[in-house]
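Take a look at the letters that make up each chain.
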Amino acid sequence: MSLFTLERTVPLSLDETWRRLTDWPRHGDVVPLTRMTVTTPPPTGVGTRVLARSGVGPLVFDDPMEVTVWRPPQDGEPGLCRLEKHGRVVLGWAEIEVRPGPGGRTRVLWREELRVSFLPRAFDGVVTSAAQSMFGRAVNGLLRRE
C-alpha cells in the first residue's frame, strides 16, 4: 500500500474549503483524463457513492468510492470526510480534513492510502510519488478554482 499526506493552508473559510473539496464532479476538472460522477441521489452523506472513470479510449478503468464518514465543519469545528475505494484496480481510502488555521485561514489535510491491484509492492514508492504529485495538483486546483 502507498500512504501519503498532503497539507495546505488556504485563505478560505472552513465551509468554503469543505465545499470546494467535496464537490465530487469538480475533481474531474482537475484530475487528468478523469470524469467523476455521483451515482447516488443528493445530498452527500454516509453512503454516497462516487465513480471516477479514468483513462482514454480502450484503456479506461473505474475507481468506485463510497463515503463512510461525513462530518462537515460546523460552528468552527473541523470537518472530516472519508472515502473507501472499492474498485478492481484501485483500492484503499482517502480522508479529507479541514480545520481552523492561523489568521482565519483553513488548514487542509488530505490523507490517502492506495494500492494498484496488479502492481507488486516493489512499486509502492513509485505509486506514492505519482499519487502525491497528481493529488497535490488536484487539491491545489480545487482550492484555486471557482
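Heads up: these notes are all about the structure in this document. (Residues numbered from 1 in each chain as written. Predicted model: local features only at pLDDT ≥ 70, side-chain atom pairs only at ≥ 80, totals over all residues. Heavy atoms only, no water.)

Here Thr-44 lies in the loop between strand 2 (34–38) and strand 3 (49–56). When its relative accessible area of 25% is taken as the criterion, Thr-44 is described as partly exposed. Distance from Thr-44 to Thr-22, taken between C-alpha atoms, is 8.6 Å for residues 22 residues apart in sequence. If we skip the residues at most four places from it in the chain, Thr-44 touches Trp-24, Val-67 and Trp-70. (Helix = DSSP H or I, 4+ residues; strand = E, 2+ residues; numbered from the N terminus. Buried < 20%, exposed > 50% of the residue type's maximum accessible area, 1.4 Å probe, protein only. Contact = heavy atoms within 4.5 Å.)

In this section: the nonpolar core. Generally speaking, soluble globular proteins have nonpolar side chains that are buried together. Counting 31 residues, the largest nonpolar core has Phe-4, Leu-21, Trp-24, Trp-110, Leu-114, Phe-135 and Leu-143 as its most contacted members. It is helix 3 (residues 124–144) that contributes the most residues to this core, seven residues altogether. Among all residues touching Leu-21, those that are not within four sequence positions of it are His-27, Ile-96, Val-98, Val-108, Val-139, Leu-142 and Leu-143. (Core = buried A, V, L, I, M, F, W, Y, C linked by side-chain atoms within 4.5 Å.)

When a strand is regular, its side chains alternate between the sheet's two faces. Judged from the nine bridges that link them, strand 1 (residues 2–10) and strand 7 (residues 106–116) form a sheet pairing that is antiparallel. Residue Thr-5 lies in a different strand from strand 7, and its bridge partner there is Arg-111. Across 11 bridges, strand 6 (residues 90–100) lies against strand 7 in antiparallel orientation. In the sheet register, Glu-97 faces strand 7, and the bridge partner there is Leu-109. Connecting strand 6 to the antiparallel partner strand 7 that follows it, the hairpin turn spans five residues, and Gly-103 within it adopts a positive phi of roughly 60°. (Pairing = 2+ DSSP bridges.)

Note that all results are geometric; they support no functional claim without further evidence.
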